[in-house]
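Single-letter residue listing:
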Amino acid sequence: MKADMHVNQVSRPVTAARPPFAAMFLRSFFIQAGWNYERNQNIGFAFALLPALRRVYGSTERFYSALLRNLEFFNTQPYMAGFILGNVAKMEEKLSAGPETAETIKIVSGVKQALASSFASIGDRIFWGRLKPMTTQLCLIVWTLGGFYGWLFTSRAEYPPVWLIMLGPVSGAAVYSLFSIYWRWKGLRAGFECGGTSNCGLDAMEWPRFIRRLSVLCFSFSVIITLAAFGLFIGLDCYGRPLPEIGFRLLLPLSVLAVHRAVHKLGYSIFWVIGLILLASLSLFFALGAGALNL
Amino acid sequence: MILAAKAVISSLLAGLLELDSVQAGQFLLSRPALVGPLLGALNGCVLEGARLGILIELIYIDFVPIGGVVSPNGAVAAAVSVLAHSWAGLDPSLAFFWGLFSGRMYCFVEYRLRSVRSRRNGVIDAEVKSQKERLHYWIADSLFSGSAVVSAYVFSFSAASVLAGSVLNTKAIVPAMNFAYSLMPWLGLSGLYFRFRTQIYKK
């Protein structure tokens, strides 16, 4: 709150010209270009902010000073970066109207870093944790509804149309991209509207409820896909076989699920499970011959 | 010769698509489920490409790229596995595991690239201090070098699979690989199911 007050204190009437939102928006697609360990997204952030800084400072010495300031460490969720970009653009606009002191600069930097952490946490949970896996689920659902089961049966001869094969991944990517583009743009505008405050944009939506709803939706998709997989497996691969053989066949995927869960609980990655499966397959093959694996 | 030319074009395309994963856009054009069938269509195996792609995506779903963590690269894995199948003639099961391995190994390359880029900060700072702004150049440089490294990496791994296929008797272990490969969808589904189940029951 103190930060908000201070930035407002140094502000004076500023130019009525809007910042170049379109240029900043387009440049925000490169926010992670030049990602480096020392300062993470600093180059991409400064690149996206550049049109706003030019608008405010022109090519004066203060422009280079502002640019240098914004080349400091920066890291957030790329799709949520708009909130911080808009906010910093507003704060720079206010700064430009007053004297540039070490304290005002420190406040701008503090607000920027605080928001970057908050939006990273929110964005990671929405985009990486839920929406991205959801696009995989959409792909599987589209393929299954279209009658392409290649994702489940690795050696089954199938001849799905190419449009169906492409529709699966494209549908998920389209939904995801529309959503992410919307938040990039909305974030930029909202960030500018409430710029200078350290909670700017955090109330743009009721994030916890939204995240919770996404989790429920994704889990529902997971249940549907898992049930469909077992249904397809029983219907297409086990149908007409003796009961003991069906039981044995069902045991295989269930074992994979159990091993994965156990390894995950022990804190190891999925590559350990793959290693175990490979080891077991090769051992069975060399001990019992190819016939043993001809399931 | 035609296969090699297709491999070069595919590697270049993979390098371009991979930019989408971190450096540019992030529209999910670099997801394995899309890279697989795209390169598969280019190399005459769209169905296998889709199958390899979606399975790699299901396996890699376990990794979340938060906080600058370098996850295994799905686009690289899908491109290498499709080329290992179409160019080297490896069975899909072998191509799949080779692709997974290449995607995991790419983490070290990506780590190196990100470390090297850190050195540019000093140069950029010095430029700005001397009132020179060339951020567009540094952005373009990062994009170009990133894409070129991915293309070279994909081509090298694919060429290695061609070499391995001609020197080693890979057919001997195909039944074992096929068996392990047939279990991969279940492993992927397990990841998909438990990821969200954990989220739902998290207090």
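That block above? That's the structure.
Described in the following lines is the structure provided in the data block. All residue numbers refer to position in the chain's written sequence, counted from 1. Each chain gets a letter, beginning with A, and each ligand a number, beginning with 1, in the order they are written. Since the coordinates come from a predicted model, pLDDT governs what is reported: local features require at least 70, and pairs of side-chain atoms require 80 or more to be given and counted, while whole-chain, interface and lining totals use all residues.

### Thoughts on the overall build of chain B
And then number 1: Put simply, DSSP marks the helices as runs of H or I at least four residues long and the strands as runs of E at least two long, and each gets a number from the N terminus on. In terms of helices and strands, chain B carries nine helices and zero strands.
And then number 2: The order of helices and strands in chain B, counted from the N terminus, is α-α-α-α-α-α-α-α-α.
And then number 3: Overall, chain B is about 65 × 55 × 25 Å in size when its C-alpha atoms are taken along their principal axes.
And then number 4: A total of 203 residues make up chain B; the buried ones form 57% of that total.
And then number 5: Note that contacts rest on C-beta atoms placed from the backbone: two residues are in contact if these are within 7 Å. Restricting the contact set of chain B to residue pairs at least 6 apart, pairs at least 24 apart contribute 72%. Neighbour counting defines burial: a residue surrounded by 20 or more other C-beta atoms within 10 Å of its own C-beta is buried, one with 12 or fewer is exposed, and intermediate counts give partly exposed, using backbone-placed C-beta atoms.

### Considerations on the interface of chain B and chain A
And then number 1: Taken together, the contacts link 68 residues of chain B with 71 residues of chain A.
And then number 2: Elements supplying a minimum of two residues to the side of chain B that touches chain A: helix H2 (32–42), helix H3 (46–60), helix H5 (92–118), helix H6 (120–129), helix H7 (135–167), helix H8 (174–182) and helix H9 (184–201) of chain B.
And then number 3: Residue classes follow a fixed rule: Ala, Val, Leu, Ile, Met, Phe, Trp, Tyr, Cys and Pro count as nonpolar, while Asp, Glu, Lys and Arg count as charged, and any other residue, Gly among them, counts as polar. Considered class by class, the residues forming the side of chain B that touches chain A number 42 nonpolar, 14 polar and twelve charged.

### Side note on the nonpolar core
A general tendency of soluble globular proteins is for nonpolar side chains to be buried together.
And then number 1: Defined on buried residues, the nonpolar core groups Ala, Val, Leu, Ile, Met, Phe, Trp, Tyr and Cys residues joined through C-beta atoms within 7 Å. Ranked by internal contacts, the top residues of the largest apolar core, which has 83 residues, are Ala14, Val35, Ile59, Val76, Ala79, Val80 and Val154 of chain B.
And then number 2: It is H3 of chain B that provides the largest number of residues to this core, a total of ten residues.
And then number 3: Residues from two domains meet in this core; each of domain 1 (1–228) and domain 2 (240–295) of chain A gives at least three.
And then number 4: Apart from the residues lying within four places of it in its own chain, the contact partners of Ala14 of chain B are Val35, Leu39, Ala75, Val76, Ala79, Val150, Ser151 and Val154 of chain B. What counts as a domain boundary in this text is fixed by an automatic or database domain assignment.

### A word on unusual backbone geometry
And then number 1: Although it is not a glycine, Asn40 of chain A sits at a positive phi angle of roughly 55°.
And then number 2: Phi at Leu28 of chain B takes a positive value of approximately 70°, unusual for a residue other than glycine.
And then number 3: For Leu28 of chain B, the location among the structural elements is in the loop between helix H1 (2–18) and H2.
And then number 4: When the 23 C-beta atoms within 10 Å are taken as the criterion, Leu28 of chain B is described as buried.

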